[in-house]
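Residues per chain, in single letters:
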Amino acid sequence: MNAPLLHLGACVAGACAAVAGLQEAALALLPEGLLLGGIGEGRDFDREPLVRCAARSLCGGGVTSTLSPRLTTFVEHLFVGHEQLVVILRGVRYPRLALALSCTKDTNPAFVMSSSRNALRSLEATLDLAAWEV
Amino acid sequence: MSDVEWGSLMDALLRVESLGPDDCGLLSFAGSSGGIFVERGRICWVAARGLQQRLSDLLRTHSSVDSMTLDRIYQRCRSEGTLLGQTLVAEGLLQPVELERALRHHSAECLVALCRASQATIWASHPGRGYAPRFTFRPVDLLFDSVALVYPNLRFEALEELSAYSGPGRHAVAFVLDAEIRALLPLAETSESSVESVSTLARSLLSIPRASHELGMTPAFTLSTTASGDALLVWWRKQVLYAMACEDRASLIAATSQHLACA
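Model, not experiment: these values are computed from the prediction.

A.B. asks: Help me understand the overall build of chain B, please; the structure alone is not making it clear to me.
C.D. replies: The helix and strand tally for chain B stands at ten helices and nine strands. Taking the principal axes of its C-alpha atoms as reference, chain B extends roughly 65 × 35 × 30 Å. Considering only contacts within chain B whose residues lie at least 6 apart along the sequence, 67% involve residues at least 24 apart. Where the 23 positive side-chain charges of chain B centre and where its 29 negative ones centre are 2 Å apart.

In structure tokens:
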């Protein structure tokens, strides 16, 4: 069933419910870095650092690794800070979609990554983003 | 910070890297201030106006040969058309590793001197002079040496840091952030890379510190995955950024755990 756009924040909250230690989450449109919906303390404006981080880290142009010289793109980032973990994921079904979230530092990074991937998968399966030309 | 035109330096080395394995010749810098001599696709040395004497100084520093002997052998090599460094090695006056070190150091100094300003380069083929492959080097070696000349202490620290995380199947490169040009410059590596691959990797990695800046945090480390499935472990120490990829998952998990323990 498609979710109305007005309830995107609620959809993000539902999809991210299983992410342990969740502090805030933002669903954004790339490459513009447009916030579609978010949850966490404060107002939507407080999600801007997460959204800008997603736009910067996923839209930096072609990337390579020390293993493969073939140009590709980043699809996931886990930033391990001294106080929190930040996860940035690019949409699989909709590559213009990004889910960015932060969690408390004491959570297991592997669990945070897998539950975040599930959350994005769930959002991509339920949201109707046609209005955003996604 | 430095007054080196890193873009010109990398362009020149990329041009050498694109040559074939049998190419010999000179990549000269406009204004004839010097150039990069190439023997069978590899760099044999770099010359810059005003730094000719410097090679003699380095050879004297790296060997037990005195000035009079060096001058005598130099004159003989000149009249016979033979190579000074290789003659010194052949006559037991210089260890091969000492010649390698002196040639690379001198070449890096010359290349940095040639790239103080943006200059066009011109390639001219000519027959090889018979440099032994042992005394020639890859363009990427010269790139690392040139950056290390400008940041000597950071190079030493980077090699120490890389050795702490080195292991089979792990490929890492250290970059220094040049704040003036806002670019990452390759400083040291534990992999067999090329000028092209490290410069592309440097551009790719710039997005990570920029993204961290948006969060207002300096992460202990970042684990980033590409669409082709490669995972890159990225971390900072002072102004040096390290990027490491692992060939197998177990090695990646072990390296990540090492970082988590310190986070």
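A.B. asks: Looking at this model, I keep getting lost on the pairing of strand 7 (residues 221-226) of chain B. Mind explaining?
C.D. replies: Each regular strand carries side chains that alternate between the two faces of the sheet. For strand 7 of chain B, the buried fraction is high: six of the six residues fall into the buried class. Here strand 3 (residues 74-80) of chain A runs beside strand 7 of chain B; their pairing, made up of six bridges, is antiparallel. By the bridge assignment for strand 7 of chain B, Glu76 of chain A is matched with Thr225 of chain B. Where strand 7 of chain B meets strand 8 (residues 231-237) of chain B, four bridges bridge the pair, whose relative direction is antiparallel. From the neighbouring strand, Thr222 of chain B faces strand 8 of chain B, where its bridge partner is Val234 of chain B. Hairpin connection, strand 7 of chain B to strand 8 of chain B: the antiparallel pair is bridged by four residues, and Gly229 of chain B has positive phi, about 95°.

A.B. asks: How should the layout of surface pockets be read in this particular structure?
C.D. replies: One water molecule sets the probe size; rolling that probe over the atoms shows where empty space is left. For the largest pocket, the calculated volume is near 680 Å³. Lining the largest pocket are 26 residues; nearest its centre among them are Trp45, Leu55, Tyr74, Leu84 and Gly85 of chain B. Taken together, the elements giving at least two residues each to the lining of the largest pocket come down to strand 3 (42-48), helix 2 (52-62), helix 3 (67-80), helix 4 (84-90) and helix 5 (96-114) of chain B. Along the lines of polarity and charge, the residues of the lining of the largest pocket split into 14 nonpolar, eight polar and four charged. The volume enclosed by the second largest pocket comes to roughly 590 Å³. Lining the second largest pocket are 23 residues, with Arg117 of chain A together with Leu223, Arg249, Leu252 and Ile253 of chain B positioned closest to its centre. Among the secondary structure elements, those contributing two or more residues to the lining of the second largest pocket are strand 3 and helix 3 (109-126) of chain A together with strand 7 and helix 10 (249-262) of chain B. Considering every element that reaches the lining of the second largest pocket, the biggest residue donor is helix 10 of chain B, with six residues. The residue makeup of the lining of the second largest pocket, split by class, is 13 nonpolar, five polar and five charged.

A.B. asks: Is there a simple way to think about the sheet that holds strand 4 (residues 121-125) of chain B in this case?
C.D. replies: Hydrogen bonds between backbone atoms are what pair the strands of a sheet, whose relative direction is either parallel or antiparallel. Residue and element names in this part refer to chain B. If you trace the four strands from one edge of the open sheet to the other, you get 3-2-1-4, paired in antiparallel fashion. Edge strands, defined here as strands with exactly one partner in the open sheet, are strand 3 and strand 4. On average, adjacent strands in this sheet sit at an angle of 20° to one another, irrespective of strand direction. Of the pairings in the sheet, the one linking strand 1 (residues 25-29) to strand 4 comprises five bridges and is antiparallel in character. Its bridge partner being in strand 4, Leu27 is matched across the sheet by Trp123.

A.B. asks: Explain the confidence of the model for chain A to me, please; I cannot follow it from the model alone.
C.D. replies: Close inspection of predicted coordinates is inappropriate for parts of the model with low pLDDT. On average, chain A scores 88 in pLDDT, and the residues at 70 or more come to 88%. In the predicted structure, residues 1-5 of chain A sits below a pLDDT of 50 and forms eleven contacts with residues beyond four places in sequence or in another chain.

A.B. asks: I keep staring at the nonpolar core and nothing clicks. Help me out?
C.D. replies: Nonpolar side chains in soluble globular proteins tend to end up buried together. Among the nonpolar cores identified, the biggest contains 128 residues, and Leu27 of chain A together with Ile36 and Leu205 of chain B are the most heavily contacted of them. The element contributing the most residues to this core is helix 5 of chain B, with eight residues. The contact partners of Leu27 of chain A, leaving out residues within four places of it in the chain, are Leu8, Val12, Leu34, Leu35, Leu36, Gly37, Leu97, Ala98, Leu99, Leu120, Leu123 and Leu127 of chain A.

A.B. asks: Would you take a moment to explain empty space enclosed by the protein for this structure?
C.D. replies: All names here are of chain B. Following the criterion strictly, the structure yields one cavity of 30 Å³ or more and no others. When its volume is computed, the largest cavity comes out at roughly 30 Å³. The wall of the largest cavity is formed by Ile208, Pro219, Phe221, Thr222, Val234, Trp235 and Trp236. Of all the elements in the fold, those that place two or more residues in the lining of the largest cavity are strand 7 and strand 8. Broken down by element, the lining of the largest cavity gets its largest block of residues, three residues, from strand 8. Considering only residue class, the lining of the largest cavity consists of six nonpolar, one polar and no charged.

A.B. asks: Got a minute to help me understand the interface of chain B and chain A in this structure?
C.D. replies: How big an interface is tends to be stated in terms of accessible area lost as the parts join. Counting from both sides, the interface comprises 34 residues of chain B and, opposite them, 31 residues of chain A. When chain B packs against chain A, the two sides together hide about 2,800 Å² of surface, and 66% of this comes from carbon and sulfur. Three residues, Glu214, Leu215 and Thr225 of chain B, lead the burial of chain B against chain A; their summed loss comes to 21% of the area buried on that side. Our count for the chain B to chain A interface comes out at two salt bridges. We note a salt bridge from Glu214 of chain B to Arg56 of chain A, for which the minimum N-O separation is 3.1 Å. Inspection of the region where chain B meets chain A yields nine residue pairs in polar contact (both at pLDDT 80 or more). Among the elements that take part in the side of chain B that touches chain A, helix 9 (residues 207-215) of chain B stands out by supplying seven residues, more than any other. Here the residues of the side of chain B that touches chain A are counted per class, giving 18 nonpolar, twelve polar and four charged.

Criteria and thresholds
- Residues numbered from 1 in each chain as written.
- Chains lettered and ligands numbered in written order.
- Predicted model: local features only at pLDDT ≥ 70, side-chain atom pairs only at ≥ 80, totals over all residues.
- Heavy atoms only, no water.
- Helix = DSSP H or I, 4+ residues; strand = E, 2+ residues; numbered from the N terminus.
- Contact = heavy atoms within 4.5 Å.
- Lys, Arg positive; Asp, Glu negative; His and termini not counted.
- Charge placed at Lys NZ, Arg CZ, Asp CG, Glu CD.
- Buried < 20%, exposed > 50% of the residue type's maximum accessible area, 1.4 Å probe, protein only.
- Pairing = 2+ DSSP bridges.
- 1 Å grid on protein atoms, 1.4 Å probe; cavity = no way out; pocket = protein on both sides within 12 Å on 5 of 7 lines; lining within 4 Å.
- Points joined across faces, edges and corners; volume = space filled by probe spheres on them.
- Nonpolar A, V, L, I, M, F, W, Y, C, P; charged D, E, K, R; others polar.
- Axes fitted to C-alpha atoms, helices over the stretch in contact; angles between N-to-C directions.
- pLDDT = per-residue confidence, 0-100.
- Core = buried A, V, L, I, M, F, W, Y, C linked by side-chain atoms within 4.5 Å.
- Buried area = accessible area lost by both parts, 1.4 Å probe.
- Salt bridge = Lys/Arg side-chain N within 4 Å of Asp/Glu carboxyl O.
- Polar contact = N/O pair within 3.5 Å; in protein donor to acceptor, adjacent residues only side chain to side chain.

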